[in-house]
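# Structural overview for review
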Amino acid sequence: MAPTNGSDEELVARATAGDLESFNQLVARWERPIYALAFRTLGREEDARDVVQEAFLRAFRGLRGFKGQAKFSSWLYRITLNLCRDWIRRERRAPIVPTPAGTDPNTFADEQVAPNVSVEELVGRRQMSEAVAQAMAELPDEQRTAILLKEYHGLTFQEIADTLQCPLSTVKTRLYQGLSVLRRRLERRQSEQASLRRATWEKA
Amino acid sequence: MCDEREPLLTYLYDESDPAERRRVEAHLATCETCRDELAGLRRVREDLLAWDVPDHGSVWKPFTPVRPSWSWRDVPAWTLAAAAAIVFAIGAGSSVAANAWLSSAAPRTAVALPSAPAVTTPASLKTTPAGTVSREDLAVFETRLLKELDDARIGAKAKPGITGADYDQLLAALREDHNALVRFTQRVNDLSSQVVAMQQAQQGGQGGR
């Protein structure tokens, strides 16, 4: 693929004028974040892939209607989140918590690991990842979305407000409420694990 | 400040303006509750970093740029007919001869075609994706139309009710409407590119499933 150059807005302008390669470059630039957003919202790789593909197709079809009143990325995030919302409605269920990978060290055999990371640390990290996924999946959609955009996509409060088309204060409220719930859940999990370890140690 | 959460949140994400930042820091220096709250929020943020997204390949099948050039021979028949239609519609009025010629040359012409919304996905485009129309293409196209008109004119002498004058009128109209033809052909080209892109988009959509 040709080297990516130009701002998103320049690429959008060229793509709108019919330059398909510019659109390919926009996809190359944004596919990973869009996939991450879809995956963390839906919890399943297959669904995330479908949403990513559909999001870019919709973006392509809607290019002429994109007036540049928001950043291209905010617009793309909004398309993606709308598709995720439709998907959740259609499936009539909450996001899926990714399947637990278990704690069998063999499952990590092909994982890229720094040499000084022990299997115990790796297991711990995997479990933490699942715990976060679980806690996030249980949040109300609006709170989860605000946290995703802030924590994993680095949007400012204002950019989140633009993306979700809601007031700035609403964004902050959702974010604060979501973080508070997560904090309680994750702290409870940690104290449960600590007491579990103590019990195991006492038995031994 | 303990019951206002917004300033603390803004501070947490480093989005406070300098005045607010000083105010929050001054408060934190004296309030243990808010210090604990901030520390708790920072811990959650660290925990959130643990959430990995599995590696994945690209799901996007890149659009391939439209072929850079084509010959007018690739232009589907409907395009030709539509181009003829606009020429006749603009230039020749409702000459009986024009209609006669038109109905033999392009029996299924939709005269409304140049206004475009009716042009959706012509089946012929699926096998002959069109690219840009060059001036040369137009010239060849026009020459061909003129020749066909000329041939028809000669043939018309044998037909009752159609005079050579009708065809002279058509030829004049055709020349006058060269610009209309250019515009129309560009419009067709534009639509063809869009159709090709949409088809690629659809194929891309099916390919990844």
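Everything numeric here is computed off the predicted structure, so don't read it as measured data. (Residues numbered from 1 in each chain as written. Chains lettered and ligands numbered in written order. Predicted model: local features only at pLDDT ≥ 70, side-chain atom pairs only at ≥ 80, totals over all residues.)

### Details of the overall build of chain B
Selection criterion: Strands are runs of DSSP state E lasting at least two residues, helices are runs of H or I lasting at least four, and both sets are numbered from the N terminus onward. Two residues qualify as being in contact provided that their C-beta atoms, derived from the backbone, are within 7 Å of each other.
Counting secondary structure elements, chain B contains 8 helices and 0 strands. Listed N to C, the secondary structure of chain B is α-α-α-α-α-α-α-α in terms of helices and strands. Looking at chain B alone, contacts between residues at least 24 apart form 75% of all its contacts between residues at least 6 apart.

### A closer look at helix α4 (residues 72-91) of chain A
Residue and element names in this part refer to chain A. The line we're drawing: What a helix should span is 1.5 Å times the count of its residues minus one. Neighbour counting defines burial: a residue surrounded by 20 or more other C-beta atoms within 10 Å of its own C-beta is buried, one with 12 or fewer is exposed, and intermediate counts give partly exposed, using backbone-placed C-beta atoms.
Taking 1.5 Å as the rise per residue, α4 with 20 residues should run 28 Å; its terminal C-alpha atoms sit 29 Å apart, in good agreement. All of the buried residues in α4 are S74, W75, L76, Y77, I79, T80, L81, L83 and C84. Close packing links the buried residues of α4 with α2 (20-42), α3 (45-62), α6 (141-152) and α7 (157-164).

### Structural notes on the interface of chain B and chain A
Where we set the bar: Note on residue categories: nonpolar means Ala, Val, Leu, Ile, Met, Phe, Trp, Tyr, Cys or Pro, charged means Asp, Glu, Lys or Arg, and polar means any other residue, Gly included.
Contacts between chain B and chain A engage 28 residues on the former and 34 residues on the latter. Looking at the side of chain B that touches chain A, the elements that each hand over two or more residues are α1 (6-12), α3 (32-48) and α8 (178-207) of chain B. If you tally residues by element for the side of chain B that touches chain A, the top one is α3(B), at 6 residues. Here the residues of the side of chain B that touches chain A sort into 16 nonpolar, 6 polar and 6 charged.

### Some remarks on the packing of α2(A) against α3(A)
Residues and elements named next belong to chain A. For clarity, the cut-off: Helix axes use the C-alpha atoms of the stretch in contact, all axes being lines fitted to C-alpha atoms, and the angles between their N-to-C directions lie in the range 0 to 180 degrees. In this scheme, roughly parallel covers angles under 35 degrees and roughly antiparallel covers those over 145, while 65 to 115 is roughly perpendicular and the rest are oblique. A clockwise turn of the near helix away from the far one marks a right-handed crossing, whereas an anticlockwise turn of less than a right angle marks a left-handed crossing.
Relative orientation of the contacting elements α2 and α3 amounts to 140°, with a least axis distance of 8 Å. The pairing of α2 with α3 is recorded here as oblique in orientation. Both α2 and α3 take part in a crossing whose hand is right-handed. Residues F23, V27, E31, I34, Y35, A38, F39 and L42 of α2 lie in contact with α3, whose contacting residues are E45, D47, A48, V51, V52, A55, F56 and F60. Class assignment for the residues of the contact of α2 with α3 results in 13 nonpolar, no polar and 3 charged.

### Overview of the nonpolar core
All names here are of chain A. The criterion, for reference: One nonpolar core equals one set of buried Ala, Val, Leu, Ile, Met, Phe, Trp, Tyr and Cys residues connected by C-beta atoms within 7 Å.
The biggest cluster of nonpolar side chains holds 61 residues, and the ones touching the most others in it are I34, A38, V51, V52, A55 and L76. When residues of this core are assigned to their parent elements, the largest contribution, 12 residues, is made by α2. Among residues more than four places away in sequence, those in contact with L76 are W30, I34, A55 and A59.

### Quick word on the confidence of the model for chain A
Residues and elements named next belong to chain A. Applied cut-off: For every residue, the predictor reports its confidence as pLDDT, a number between 0 and 100.
Here chain A averages 85 in pLDDT, and 86% of its residues register 70 or above. For chain A, the element scoring lowest by mean pLDDT is helix α5 (residues 119-137), at 87; α6 scores highest, at 96. Scored below 50 in pLDDT, residues 99-111 makes 8 contacts in the model with residues more than four places away or belonging to other chains.

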